[in-house]
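Remarks on the overall topology
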Amino acid sequence: MTKKLWTLLVVLIAFMLVLGACNNKEETTPAPAETSDSGKKDDGEKEDTEEAEKETATEENDSPFPISMETEGNAISGGTLKVALVKDSPFQGVFAYSLYEDAYDAEILQYASNSIFEIDGDFLISDKGIASLEVDQENKKATIKIREGIKWSDGEPLKVEDLIQPYLIIGHPDYTGVRYDADFQNIVGAIEYHDGKADTISGLKKIDETTLEISLIQVSPAIFSGGDGLWTYAEPSHIVKDLPVATLIESDPVRKNPVTLGAFVIEKIVPGESVQLVANENHWRGKPKLDGVLVKVVPPTSISVAMQSGEYDIASNFSAAKIEEIKNFDNLEILGRQELYYQYLAFKVGKWDSTKGEVVTDIENAKMGDQKLRQAMGYALDVEQVAEVYYNNLRERANSMLPPVFKSFYDKSLQGYTYDPDKANALLDEAGYKDVNNDGLREDPEGKPFEIKYATAAGDDIAEDITQFFLQNWKDVGLNVKLTTGRTIEFNAFYDMVEADDPEIDMYTAAFGTGSDPSPSGLYSKKAKFNYSRYTSDFLEDTLANINSPKAFDSAYRAEQFRAFQEHMEEMAVVIPLTYRFEIIPVNKRLKNYNIDYSEGTYLHELELTAEEPIKSAK
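Quick summary incoming for the structure in this document.

As for the packing of helix 8 (residues 371–379) against helix 10 (residues 421–431)
Running from N to C, helix 8 and helix 10 cross one another at 165 degrees; their axes reach a closest spacing of 8 Å. In terms of their interaxial angle, helix 8 and helix 10 are classed as roughly antiparallel. Where helix 8 crosses over helix 10, the two elements pack in a sense that is left-handed. Two secondary-structure elements touch here, helix 8 through Lys 372, Leu 373, Gln 375, Ala 376 and Tyr 379 and helix 10 through Pro 421, Lys 423, Ala 424, Leu 427, Leu 428, Glu 430 and Ala 431. Looking at the contact of helix 8 with helix 10 residue by residue, the class counts come to eight nonpolar, one polar and three charged.

Some details on helix 12 (residues 491–499)
Each turn of an α-helix holds 3.6 residues, which means side chains three or four residues apart point in the same direction. The element helix 12 is extensively covered by neighbouring structure, given that seven of its nine residues are classed as buried. Among all positions in helix 12, only Phe 491, Asn 492, Phe 494, Tyr 495, Met 497, Val 498 and Glu 499 are buried. Each element contacted by the buried residues of helix 12 is listed here: helix 1 (103–109), strand 16 (451–455) and strand 18 (507–513). Sitting at the head of helix 12, Glu 490 places a side-chain oxygen 3.2 Å from the backbone nitrogen of Asn 492. Of the residues one or two after helix 12, Asp 501 is the one with positive phi, at around 55 degrees.

Quick look at the side chain of Ser 215
Examined against the element boundaries, Ser 215 turns out to sit in strand 6 (residues 211–215). Under the relative-accessibility criterion, Ser 215 is labelled buried at 16%. Here the side chain of Ser 215 touches Lys 141 through a polar contact of 3.0 Å, side chain to side chain. When sequence neighbours within four positions are dropped, the list of residues in contact with Ser 215 reads Lys 140, Lys 141, Asn 186, Ile 187, Val 188 and Gly 203.

Describing the sheet that holds strand 5 (residues 204–208)
Pairing between the strands of a sheet comes from backbone hydrogen bonds, and it takes one of two forms, parallel or antiparallel. One open sheet holds the four strands; their spatial order is 3-4-6-5, and the pairing between them is antiparallel. Every other strand in the sheet has two partners, leaving strand 3 (131–136) and strand 5 as the edge strands with one partner each. Between one strand and the next, the sheet's axes are offset by a mean angle of 20 degrees, whatever the strand orientation. Pairing of strand 4 (residues 141–146) with strand 6 involves five bridges; the strand directions are antiparallel. Looking at strand 6, one finds that Thr 143 is bridged to Glu 213.

Remarks on the environment of Ser 319
By secondary structure assignment, the location of Ser 319 is in the loop between strand 10 (314–316) and helix 7 (323–326). Note on Ser 319: relative accessible area 16%, which makes it buried. As a C-alpha pair, Ser 319 and Ile 462 span 143 residues in sequence and 9.1 Å in three-dimensional space.

Notes on helix 15 (residues 555–572)
Compared with an ideal rise of 1.5 Å per residue, which puts 18 residues at 26 Å, helix 15 spans 26 Å between its outermost C-alpha atoms and is within 8% of the ideal. Within helix 15, the full set of buried residues consists of Tyr 557, Arg 558, Gln 561, Phe 562, Ala 564, Phe 565, Gln 566, His 568, Met 569 and Met 572. Here the buried face of helix 15 lies against helix 8, helix 13 (521–524), helix 14 (538–547) and strand 19 (575–588). The N-terminus of helix 15 is capped by Asp 554, whose side-chain oxygen sits 3.0 Å from the backbone nitrogen of Ala 556. Phi turns positive one or two residues past the end of helix 15, at Ala 573, with a value near 55 degrees.

Quick look at the nonpolar core
Residues Leu 81, Ile 144, Ile 214, Tyr 508 and Tyr 524 are the most contacted members of the largest nonpolar core, which totals 126 residues. Here the element with the most residues in this core is helix 2 (residues 160–170); it accounts for six residues. Sequence-distant contacts of Ile 214, that is, excluding residues within four places in its chain, are made with Lys 140, Lys 141, Ala 142, Ile 144, Tyr 167, Ile 187, Gly 203, Leu 204 and Leu 230. Counting 55 residues, the second-largest nonpolar core is a separate cluster that includes Val 383, Tyr 391, Tyr 433 and Ile 452.

Rules of the game
Residues numbered from 1 in each chain as written. Predicted model: local features only at pLDDT ≥ 70, side-chain atom pairs only at ≥ 80, totals over all residues. Heavy atoms only, no water. Axes fitted to C-alpha atoms, helices over the stretch in contact; angles between N-to-C directions. Helix = DSSP H or I, 4+ residues; strand = E, 2+ residues; numbered from the N terminus. Parallel < 35°, antiparallel > 145°, perpendicular 65-115°, else oblique. Left-handed = near helix turned anticlockwise from the far one by under 90°. Contact = heavy atoms within 4.5 Å. Nonpolar A, V, L, I, M, F, W, Y, C, P; charged D, E, K, R; others polar. Buried < 20%, exposed > 50% of the residue type's maximum accessible area, 1.4 Å probe, protein only. Polar contact = N/O pair within 3.5 Å; in protein donor to acceptor, adjacent residues only side chain to side chain. Pairing = 2+ DSSP bridges. Expected span 1.5 Å × (residues − 1). Core = buried A, V, L, I, M, F, W, Y, C linked by side-chain atoms within 4.5 Å.

Pasting the structure below:
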């Protein structure tokens, strides 16, 4: 394992989702990213964890594209890296890890990362980052130790209070974000603090200026991945500690001038359009070789031409559907890797109770509450054809909600939902959805007209075509599925509607960037606000708890519980995985010696350029 490691990040994306919660990888190779809270541990103490026999996630690159490039020529001094953020709408611009919910914000944030941990090729926390982690399993304590001499971008020393600050934000009674969940409640005293019964979180103890001790209700293997409630980013307490949590998301330190630990510092923001970053003079690994980074939103319809004409060095969130447009450009190297991602179809079967902070499932009364109806809609989709025709086989049908990159827990024997319209028709007949008036569309079991409202985020032309293809798939089995609002929905508005349980949404497609923690608790537990289908059950809760229980230090037991989770979700069909994808990263050839390997990626401060401007294609 080399010293290098790459950062994949945030939250989500519908045809590039979001949400998750923040992955926590060190700031290395800048490339498209989504996430969910993670960050993992491995400081050589694997003998008592399920990682003892784990293969590294990067033993082989299954992508059809190389994972690194070597560029001839000498590097210039300085220069600005130009990044195209491929998006058809403005970014939200929430630049704080405890508050952001949008993977596009996460992709910008990675250049100014406040991650305190680094992970290795097994997605486990190592001791090579800003801080190291020690776990006392017997006494249920985690100890975080900060390196000496670490400074924020404004020169202020990093201190233990900065590690505590995000816990105080997320756990605060006025916090309205998505990260106060079952995992967070594993910290001793977190619930009492959130409920206003305590002024602080009793399980957080400052040992000295560089050491934080965290008391936990239980310790599981998830902690080595940044789970069990561990938060893996710092917040500058000297800047934000006195700001009201209720309005923090609109404050200048979040929206305009965040103080950071990463290789670069945000200098100028054109809201929703672009972000200019400059080198962090106080970066703990040394001042970056580049002068700065410019991240700019570029519509999917014009990204290929922009890369051809040398406007950008990297295209972030480049669609595999456009690979034919760029494959012959002689100014680009096309890199790729398996992504920590899956796209999914979900059915709304409940609501979020903001008072209790939990999912309330009402599957018996939900329009999409019939299990056979949901299963039929899964079997009706020809996902394999979508992957082949629209994505040039750079996506593949997903058989579970664990991406294949998690080799220790991914189970290729699971079937998932293959294209089987005959089975879909049979299930609908059994459930009583029949075409009573012979118009080609099925009525509900009571013989009444049955219309399903389907939401998905707007995207490029291919995304629109796929949406129409899915609508036709469902029509082919007699289901009348109509788009919510009559069209695909702008990205930010789409997630606002999904999160608010808008009654105009019966089902939707989106995607999760899982982050480096394979545990699904942060996405599907009763306390997870990201649980957008609003489905929960006693079995699901028990299984998620088992995955993150002390018993899960037995690798065979944990794998068994992952299997039980996946089988249960497949049977219930409330969330149906659709595709995995390869992350495609077009890179201009002026970028010198660039590597996107999860364990050996190029650190951001090491990036260099061989020319003053990106190279134009002669083709």
